[in-house]
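Commentary on secondary and tertiary structure
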Amino acid sequence: MRSPLLRFSSPVVLAGLVLMGCGGSAPEAEAPNPSAPEGTEVPAGEVRAMSGPIASILCLRPEFGGVDCTGSATGGTPPYRYYWGRQVYHYEGSVHHTLPGSLGGSTRNYPCYAPSDEWPATYEILPTLFVRDAAGVQSSTVSDSWQACQP
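Residues numbered from 1 in each chain as written. Predicted model: local features only at pLDDT ≥ 70, side-chain atom pairs only at ≥ 80, totals over all residues. Heavy atoms only, no water.

Let's talk about the pairing of strand E2 (residues 67-75)
Put simply, the rule is: For two strands to count as paired, DSSP must find a minimum of two bridges between them. Per the convention used, a helix needs a DSSP run of H or I reaching at least four residues, while a strand needs a run of E reaching at least two, with both numbered from the N terminus.
Here strand E1 (residues 53-60) pairs with E2 via 8 bridges, running antiparallel. Residue pairing across strands places Ile57 opposite Gly71, the latter belonging to E2. Of the strand pairs in this sheet, E2 and strand E5 (residues 107-110) are connected by 4 bridges, and their pairing is antiparallel. Looking at the pairing, Thr70 lines up with Thr107 of E5.

Quick notes on the nonpolar core
What counts is decided by this rule: Nonpolar cores were defined as sets of buried Ala, Val, Leu, Ile, Met, Phe, Trp, Tyr and Cys residues, with membership established by side-chain atoms within 4.5 Å. Relative accessibility decides the category of a residue: with a 1.4 Å probe and only protein chains considered, values under 20% of the type maximum give buried, values over 50% give exposed, and everything between is partly exposed. Throughout, a contact is declared for two residues whenever any of their heavy atoms are within 4.5 Å.
By size, the foremost hydrophobic cluster in this structure holds 17 residues, and its most contacted members are Cys69, Trp84, Ile125, Leu129 and Val131. At the level of elements, E1, E2, strand E3 (81-90) and strand E6 (123-132) are the ones that each hand at least two residues to this core. Among the elements that line this core, the one with the most residues is E6, at 4 residues. Excluding anything up to four places from it in sequence, Ile125 contacts Arg86, Gln87, Val88, Tyr110, Cys112, Ser145, Trp146, Gln147 and Cys149.

Section: the side chain of Gln147
For clarity, the cut-off: Any N or O atom pair separated by 3.5 Å or less is treated as a polar contact, with the protein-specific requirement of one donor-capable and one acceptor-capable atom, and with residues adjacent in sequence counted only for side-chain atom pairs.
Tracing the sequence through the fold places Gln147 in strand E8 (residues 147-149). Among the polar contacts made by the side chain of Gln147, one reaches the side chain of Ser145 at a distance of 3.3 Å. Each residue touching Gln147, except ones within four places of it in the same chain, is listed here: Arg61, Val67, Cys112, Tyr123, Glu124 and Ile125.

What to know about the state of the cysteines
Here a disulfide denotes a covalent bond joining the sulfur atom of one cysteine to the sulfur atom of another. Definition in use: Here, two cysteine sulfur atoms that lie within 2.5 Å of each other are counted as a disulfide.
Taken as a whole and judged by the stated rule, the model has 2 disulfides. In this model Cys59 forms its disulfide with Cys69; the gap between the sulfur atoms is 2.0 Å. Measuring the twist about the S-S bond at about 110°, one finds the Cys59-Cys69 disulfide to be right-handed. With Cys59 in strand E1 and Cys69 in strand E2, this residue pair connects regions lying 10 residues apart in the sequence. Each member of the pair, Cys59 together with Cys69, is buried. Note that Cys112 is cross-linked by a disulfide to Cys149, the S-S spacing being 1.6 Å. Disulfide Cys112 to Cys149: torsion about the S-S bond roughly -90°, handedness left-handed. In this pair, Cys112 sits in the loop between E5 and E6 while Cys149 sits in strand E8, placing the two residues 37 residues apart along the sequence. With relative accessibility at 0%, the residue Cys112 sits in the buried group. By sequence order of its bonded cysteines, the protein has the disulfide arrangement 1-2, 3-4.

What follows is the structure, encoded as structure tokens:
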């Protein structure tokens, strides 16, 4: 005599029971990580930066003491290293030169005293900044505004 289960079961139910007894269907392949470059693996718990760092600069001139600049960065992989430079334009002879970035903190003071009637400006400076993140990726160089200076 046939089992009551087999007599009243449809072929679809029976196929499902057989598959369950055999471990079921193979699991689907895991989708690749869309943020990882092709051919690389992202270790568990690590998040890759989607872009390099972006630097910004803000310079203010207090009443005395030169030009005070503050730099900041976003993106990339913190921590950041700040490289401060400047362009200089001397009125006499119309000489323009660029001083390369030197490593420093997130703030920088440039000795550039405000001109007055007694001490007119003889040159201008343009503070510049770029940053490098922990992965060594460099931002674009950013600048604030030209500042007139007297010696």
